[in-house]
Amino acid sequence: AVDGGSLGLISNSALAPQIQKALEPLKPDEFTDIIETDQGYQIFYLEDIETGSADSFDKVKMKIEDNLYNQVINQQYEKWLQDLRTRAHIKLIR
């Protein structure tokens, strides 16, 4: 209700079968008929349809591994720099 009832972007497979069936024939900017659900009576508005292919598991796995590796490297680098700063003896001569 805070967002005006907007559910945002949702995969069709994440919806209950009866809602999927009601949304199936819709085109963007169309409403469903009144649907009786476990949460009461509802009407759905289809704002837009976005299609796209999901990345393969191997591709996503590599991205995750790269991100995690970079996080560890950055943490170790920051730790090393902090250690250098604490051990450094700097004397200013004027």
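To start, this report covers the structure provided alongside it.

## Concerning the packing of aromatic side chains
Throughout the structure, instances matching the rule amount to two aromatic pairs. Taking 4.8 Å as the distance between ring centres and 40 degrees as the angle between the ring planes, the aromatic pair formed by phenylalanine 31 and tyrosine 45 counts as tilted. Taken together, the positions of phenylalanine 31 in strand 1 (residues 30-31) and tyrosine 45 in strand 4 (residues 45-46) put the pair 14 residues apart, joining distant regions of the chain. Relative to tryptophan 80, the ring of tyrosine 77 lies with its centre 5.9 Å away and its plane at 40 degrees, an arrangement referred to as tilted. Pair noted here: tyrosine 77 and tryptophan 80 are both in helix 2 (residues 57-87), with a separation of three residues, about one helical turn.

## Points about the side chain of threonine 32
Following the sequence through the fold, threonine 32 ends up in the loop between strand 1 and strand 2 (35-37). Taking the relative accessible area as the measure of exposure, threonine 32 reaches 8% and is therefore buried.

Criteria and thresholds
Residues numbered from 1 in each chain as written. Predicted model: local features only at pLDDT ≥ 70, side-chain atom pairs only at ≥ 80, totals over all residues. Heavy atoms only, no water. Phe/Tyr/Trp six-rings, centres within 6.5 Å; stacked < 30°, edge-to-face > 60°. Helix = DSSP H or I, 4+ residues; strand = E, 2+ residues; numbered from the N terminus. Buried < 20%, exposed > 50% of the residue type's maximum accessible area, 1.4 Å probe, protein only.

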